[in-house]
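Structural overview for review
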Amino acid sequence: MDTSDTPEKIAQEVRGCTLCPLSNTRKQAVPGEGPANPTMMFIGEGPGYHENEQGRPFVGPAGQFLEELLASIGLKRSDVFIANVVKCRPPNNRDPMPSEIAACDPYLERQIKLLNPKIIVTLGRYSMAKFFPSQTISRLHGQSRLREGRYYLAMYHPAAALHNPALRKDIEEDMKKLGALLKEVSAAGQPPAVEEPQQLRLF
Ligand code: URA
Ligand code: SF4
């Protein structure tokens, strides 16, 4: 790893990035934000209307809901790092294209390496697919997976769950599971040495 890399360096590069066509239509790029040494990192899909206006992640209705979910396990948004798969808003909130995700991925990779969170929470299908390309979110959500000393937990996207009672119940329950996992990880100080054999075979 480049030892001179910093979250702020990444953020500055993102703010001026023109590596994909989303740079033509964005108002403000959204690098992500949070503590420099977070236990947990949340990864969403991409900026929406409010994020594009403000240059900050999850500041619209989905963000409000995410904050409520965090509060349900005693956390504030400033306790966790929040990032996205693509850092610039896709026009009209369309899905990000594979080429855009690929262009933006090195920023996310650098963030993960640098922040080295003990737990990564994926919000929605796009961030889940980065780590679990062959899974479906309906099967994987709420289950923690340990890989190379780090836990991964997939959740539905808060924007999808906000107005869908079934998904909302799922994401609320998954957040409780995350709270339990966080307690476990904090108590252990480090993840257990023995990983799930099933997971070792997958990757
Ligand atoms: N939805 C996302 O996926 N990310 C944000 O930052 C806001 C809404
Ligand atoms: Fe660059 Fe990512 Fe924005 Fe595309 S989405 S312009 S790769 S920062």
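Residues numbered from 1 in each chain as written. Chains lettered and ligands numbered in written order. Predicted model: local features only at pLDDT ≥ 70, side-chain atom pairs only at ≥ 80, totals over all residues. Heavy atoms only, no water.

This paragraph deals with the nonpolar core. Nonpolar side chains tend to gather and get buried jointly when the protein is soluble and globular. Membership of the largest hydrophobic core comes to 57 residues, with the highest contact counts inside it found for Met 40, Met 41, Phe 42, Ile 119 and Leu 178. When residues in this core are grouped by element, the largest group, seven residues, is from helix α9 (residues 165-188). (Core = buried A, V, L, I, M, F, W, Y, C linked by side-chain atoms within 4.5 Å. Buried < 20%, exposed > 50% of the residue type's maximum accessible area, 1.4 Å probe, protein only. Helix = DSSP H or I, 4+ residues; strand = E, 2+ residues; numbered from the N terminus.)

Below, the discussion takes up the site of ligand 2. Every residue close to ligand 2 is listed here: Cys 17, Leu 19, Cys 20, Leu 22, Ser 23, Arg 26, Lys 87, Cys 88, Ala 103, Cys 104 and Tyr 107. Of all the secondary-structure elements, those providing two or more residues to the shell around ligand 2 are α2 (22-25) and α5 (98-115). By residue number, the principal contributor to the shell around ligand 2 is α5, which donates three residues. Here the shell around ligand 2 is composed, by residue class, of eight nonpolar, one polar and two charged. (Near = heavy atom within 4 Å. Nonpolar A, V, L, I, M, F, W, Y, C, P; charged D, E, K, R; others polar.)

Here we take up the site of ligand 1. Taken together, Gly 44, Glu 45, Gly 46, Glu 51, Pro 57, Phe 58, Asn 84 and His 157 are the residues near ligand 1. The backbone of Gly 46 places a nitrogen or oxygen atom 3.0 Å from a nitrogen atom of ligand 1. With respect to ligand 1, the side chain of Asn 84 contributes an N or O atom lying 2.8 Å from a nitrogen atom. When its residues are assigned to classes, the shell around ligand 1 shows two nonpolar, four polar and two charged. (Polar contact = N/O pair within 3.5 Å; in protein donor to acceptor, adjacent residues only side chain to side chain.)

It is worth spelling out the pairing of strand β1 (residues 40-44) at this point. Taking burial as the measure, the five residues of β1 include five buried ones, the bulk of the element. Neither face of β1 is exposed, since Met 40, Phe 42 and Gly 44 on one face and Met 41 and Ile 43 on the opposite face are all buried. Inspection of the sheet shows β1 paired to strand β2 (residues 81-84) by four bridges, in the parallel sense. Looking across to β2, one finds that Ile 43 is bridged to Ala 83. (Pairing = 2+ DSSP bridges.)

To continue, consider the pattern of salt bridges. As enumerated under the stated definition, the model contains 16 salt bridges in all. Asp 105 is paired through a salt bridge with Lys 130; the nearest N and O atoms lie 2.7 Å apart. One end of the pair, Asp 105, is in helix α5; the other, Lys 130, is in helix α6 (residues 125-131), with 25 residues separating them in the sequence. Classification of Asp 105 as partly exposed rests on a relative accessible area of 24%. By relative accessible area, Lys 130 is classed as partly exposed at 27%. (Salt bridge = Lys/Arg side-chain N within 4 Å of Asp/Glu carboxyl O.)

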